[in-house]
Amino acid sequence: MPATTTPTTSTLPRATVTSARTAVFVVFALAGLVFASWAARIADTKASLDLSAGELGLVLLAMSAGSVTGLPLAGRVSNRLGAARTVLLGGAVAVTGLLVVGAVVDATGPRPLLAGGLFLIGLGVGLWDVAMNLEGAAVEHALGSSVMPHFHAAFSGGTVLSALIGAAMSWGGVPLLAHFAGAVVVTVALGLWAVRSFLPRTVEAVAEDGSEVAAPARQRSAWREPRTLLIGVVVFAAAATEGTANDWLSVAFVEGHELPAWAGVLGFATFLTFMTIGRLLGTNLLDTHGRVPVLRVSFALAVVGALLVIFGTDWLTFVGAAVWGVGAALGFPVGMSASADDPQRAAARMSVVATIGYVAFIAGPPALGFLGDHVGVLHSLLVVGALAVLALSVVPSVREPDGLPRNAPR
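Parameters at a glance
Residues numbered from 1 in each chain as written. Predicted model: local features only at pLDDT ≥ 70, side-chain atom pairs only at ≥ 80, totals over all residues. Heavy atoms only, no water. Core = buried A, V, L, I, M, F, W, Y, C linked by side-chain atoms within 4.5 Å. Buried < 20%, exposed > 50% of the residue type's maximum accessible area, 1.4 Å probe, protein only. Helix = DSSP H or I, 4+ residues; strand = E, 2+ residues; numbered from the N terminus. Contact = heavy atoms within 4.5 Å. Axes fitted to C-alpha atoms, helices over the stretch in contact; angles between N-to-C directions. Parallel < 35°, antiparallel > 145°, perpendicular 65-115°, else oblique. Nonpolar A, V, L, I, M, F, W, Y, C, P; charged D, E, K, R; others polar. pLDDT = per-residue confidence, 0-100. Phe/Tyr/Trp six-rings, centres within 6.5 Å; stacked < 30°, edge-to-face > 60°. Patch = residues over 30% accessible without salt bridge, like charges linked within 9 Å, V, L, I, M, F, W, Y side chains within 5 Å. Areas by Shrake-Rupley, 256 points an atom, 1.4 Å probe, with all protein chains shown as cover. Salt bridge = Lys/Arg side-chain N within 4 Å of Asp/Glu carboxyl O. Left-handed = near helix turned anticlockwise from the far one by under 90°. Expected span 1.5 Å × (residues − 1).

(A) Structural context of the nonpolar core. Core analysis: the biggest nonpolar cluster contains 120 residues, and L118, W128, F198, W248, F271, F299 and W324 have the highest contact counts within it. Here the element with the most residues in this core is helix α5 (residues 111–143); it accounts for 14 residues. Those residues in contact with F299 that sit more than four places away from it in its chain are V234, A237, A238, T241, G327, A388, A391, L392 and V395.

(B) Region of the structure containing the packing of helix α9 (residues 261–289) against helix α10 (residues 291–311). At their nearest, the axes of α9 and α10 sit 7 Å apart, and the two run at 130° to each other. One element, α9, and the other, α10, form an angle in the oblique class. Side by side, α9 and α10 meet where L285, L286 and H289 of the first sit next to R291, P293 and V294 of the second. Residues belonging to the contact of α9 with α10 are distributed by class as follows: four nonpolar, one polar and one charged.

(C) Quick look at the confidence of the model for the chain. For the chain, the average pLDDT comes to 83, and 90% of its residues sit at 70 or higher. Helix α14 (residues 377–380) is the least confidently modelled element of the chain, averaging 76 in pLDDT, while helix α7 (residues 176–194) averages 94, the highest of any element. Per-residue pLDDT stays below 50 along residues 1–9; that stretch engages in 14 contacts with residues further than four places along the chain or on separate chains.

(D) Structural context of the packing of aromatic side chains. Considering all chains together, one arrives at four aromatic pairs under this definition. Geometrically, the ring pair formed by F28 and F151 is stacked, given 5.8 Å between the ring centres and 25° between the ring planes. In this pair, F28 is assigned in helix α1 (residues 14–39) and F151 in helix α6 (residues 148–172), connecting sequence segments 123 residues apart. The exposure class assigned to F151 is buried, which follows from its relative accessible area of 0%.

(E) Expanded view of a nonpolar patch on the surface. On the surface, L164, W171, W262 and L266 cluster together into a nonpolar patch covering about 480 Å² of accessible area. Taken together, the elements giving at least two residues each to the nonpolar patch come down to α6 and α9. Locating L164 in the fold gives a position in helix α6.

(F) Seen up close, the side chain of H152. Summarising the element assignment, H152 is placed in helix α6. By relative accessible area, which is 5% here, H152 ends up buried. When sequence neighbours within four positions are dropped, the list of residues in contact with H152 reads F28, N133, R279, F332, P333 and M336.

(G) Local environment of the pattern of salt bridges. For the structure on display, the rule yields eight salt bridges. In this structure, the salt-bridge partner of E255 is K46, at a minimum N-O distance of 2.9 Å. Separated by 209 residues along the polypeptide, E255 in helix α8 (residues 226–256) and K46 in helix α2 (residues 42–48) bring together distant segments of the chain. On the basis of relative accessible area, K46 is assigned to the buried category, the value being 13%. Across the salt bridge formed by R111 and E55, the nearest N and O atoms sit 3.4 Å from each other. Of this pair, R111 sits in helix α5 while E55 is found in helix α3 (residues 53–81), placing the two residues 56 residues apart along the sequence. A relative accessible area of 35% places R111 in the partly exposed class. Within the structure, one salt-bridge network assembled from shared partners comprises E225, D342 and R349.

(H) Expanded view of the packing of α8 against helix α11 (residues 314–327). Where α8 contacts α11, the two axes come as close as 12 Å, and the packing angle between them is 165°. Looking at the two axes, α8 sits roughly antiparallel to α11. Along this stretch, α8 crosses α11, giving a crossing that reads as left-handed. Between α8, through T241, T244, A245, L249 and F253, and α11, the contact on the second element is made entirely by T317, F318, A321 and W324. Residue composition of the contact of α8 with α11, by class: six nonpolar, three polar and no charged.

(I) Spotlight on helix α4 (residues 83–106). If you check α4, its first and last C-alpha atoms are 35 Å apart, about what 24 residues at 1.5 Å a residue would give, namely 34 Å. At the C-terminal side of α4, T108 shows a positive phi close to 50°.

(J) Geometry of the environment of A245. Its location among the elements puts A245 in helix α8. Taking the relative accessible area as the measure of exposure, A245 reaches 0% and is therefore buried. For the pair A245 and F271, spaced 26 residues apart in sequence, the C-alpha separation works out to 7.7 Å. Those residues in contact with A245 that sit more than four places away from it in its chain are F268, F271 and W324.

Next comes the structure, spelled out in structure tokens:
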């Protein structure tokens, strides 16, 4: 029987890889659109349901719990179904949850049902997140360039657009369900179109030199690998730095600086805009200087930005949101890339790293909510500084396998 061959990244036509890169951009952007559709209306939800900071934190916990339920499963599901089908599965669950949330808030429905809708959003996003990052890592290997920040920039770009739409919807008093239904239509239409251009399943995980990766023999769990766990700590701190702004920045502008709700959403949009810029510029910085020095500067900027938001005047808070956004730009995508340095173990390691990172979304909302009840939402943001110090202590774990940036002479 003649041996069969399967394509690898070294044999794929350039057009196929380019189409896959575009498809991954679209899928990341849609994930940002879905997430920010909800995040932009958090302040409206808090007001409509008359939630305290602590109660809001507990409600947000449901979404985090959904994410951490889906993330440990995402690697296995992706291996079984492939990245494209896993993205579709996660997207279907997420948009269903978004519609449930919109209906509950508009009807001033029971909080447990709101929590159920948020759980579905988190569960779907968890599956979607790992699958699209796996596809992004495969495309990154195929291109031979650190393009993962660009994919996460697409996510940020989706959140920026969605946050601006959300600001307009909030200003105009548009019901959440009508707002969310529009987002769902766009997500379903573009998502179905994009996944058709994903790389073939045979090359979703390939070696750095483009050779095909065989099915691995039984290996120890990725949860027992020290480097994987340390990368997880970096991603945990990065997710908390980014997630704190996602969940609480608009509320901090409104309650801490006594700005109107629409100004709070614009502050959130400022953060997202500059995080997007940081990710677009980050690829060349990473390829030239390497992951470790770039992340050290990034986490330092996040601390400076958070301090400006907390202690600055009204206009300085917007400057702080911009600096914070740049500082939060690269930690998560670099951690995802580092977990996929060995494509043969990429799915297992990325699932572990993503799970650890998303624990920040479990601990963050209720912790900041309880702190906000005692010291105010604004001063509770000081947690960002402590987490940045933690990240700086373990940043060397994301160093490139050969210790050199991609553009360094070999």
